[in-house]
Amino acid sequence: MSSRIRLAHFLPAIALTLGLLAAGCSTDASSTTAAAEAPAAPAASAATETTISITDPWFKAADKGMTAAFGTLVNNTDKPLTIVSATSDVSTMELHEMTMKDGKMVMQPKEGGFVLPAKGKHELSPGGDHLMFMELKSPVQAGDEVTFTLKLADGSTVPFTAVAKPYSGAEESYAPDGGMTMSSGSASK
Ligand SMILES: [Cu+2]
């Protein structure tokens, strides 16, 4: 018990040391240069407000593993926007598209992200582009709300909520980087 009290006496000293270290880092020349080169952020007025909205967002209910979210992304601005990534607390995420490979449809990461034309739309639907949840941390049942965040090419983020629905389709197979598909069957002799 007394040792715990003594430790408390040391903590301010440790904090002070860390503070000095941090101060030393901030005088580093390269970081100063990087800050100077960073483009000045435009007036942060309507930054996150409604640059992108999503119509009828929904999430494919699943107990585990992969699943996906869909809806129609709407660009409310008069310039093209690119969605480069997505994040969620329930799973790591990827932006996916469907493509024909060896005679069957497979999904793969969408090169360059989802591009929304000025004042235009980009539909996410089973069999087409979708927001992939790679590995659910816990079951998501019909009616549950799933939140996720889209990140745009300019670094801004847009949060969304989608309600989970039961859906038996969208069981596409996954071919990351056009990699190995199951073709070993013919090798047996
Ligand atoms: Cu996918």
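Residues numbered from 1 in each chain as written. Predicted model: local features only at pLDDT ≥ 70, side-chain atom pairs only at ≥ 80, totals over all residues.

A.B. asks: Help me understand the overall build of the chain in this model?
C.D. replies: A tally of helices and strands in the chain yields two helices and eleven strands. Secondary structure of the chain in N-to-C order comes out as α-α-β-β-β-β-β-β-β-β-β-β-β. Expressed as a percentage of the 189 residues in the chain, the buried residues total 19%. Restricting to contacts in the chain with at least 6 residues of sequence separation, those with at least 24 account for 68%. (Helix = DSSP H or I, 4+ residues; strand = E, 2+ residues; numbered from the N terminus. Buried ≥ 20, exposed ≤ 12 C-beta atoms within 10 Å, placed from the backbone. Contact = placed C-beta atoms within 7 Å.)

A.B. asks: Would you take a moment to explain the pairing of strand S8 (residues 130–133) for this structure?
C.D. replies: Because side chains alternate across S8, one face comprises the buried residues His130 and Met132, and the other comprises Leu131 and Phe133, equally buried. Looking at chain direction, strand S2 (residues 67–75) and S8 are connected through three bridges and run antiparallel. Of the residues in S8, the one forming a bridge with Ala68 is Met132. Both strand S4 (residues 93–101) and S8 contribute to a ladder of four bridges, which runs antiparallel. Bridge pairing in S8 links Met93 to Phe133. (Pairing = 2+ DSSP bridges.)

A.B. asks: Looking at this structure, I do not really get the nonpolar core. What am I missing?
C.D. replies: Note on soluble globular proteins: their nonpolar side chains tend to be buried together. Residues Ala69, Leu131 and Val146 are the most contacted members of the largest nonpolar core, which totals 25 residues. Counting residues per element, the ones that place at least two in this core are strand S1 (52–60), S2, strand S3 (81–88), S4, strand S6 (114–116), S8, strand S9 (145–152) and strand S10 (157–165). Of the residues forming this core, the biggest block, four residues, is contributed by S2. Those residues in contact with Ala69 that lie beyond four places of it in its chain are Pro57, Trp58, Phe59, His130, Leu131, Val146, Phe148 and Ala162. (Core = buried A, V, L, I, M, F, W, Y, C linked by C-beta atoms within 7 Å.)

A.B. asks: Help me out: how do you make sense of unusual backbone geometry in this one?
C.D. replies: Among all residues save glycine, negative phi is the norm, and among peptide bonds the norm is trans. Of note in the backbone geometry, Asp56 takes a positive phi value of approximately 50 degrees without being a glycine. By the secondary structure assignment, Asp56 is in strand S1. Its identity is not glycine, yet Asp102 carries a phi of approximately 50 degrees, on the positive side. In this fold, Asp102 is placed in the loop between S4 and strand S5 (104–109). We classify Asp102 as exposed; it has 8 C-beta atoms within 10 Å.

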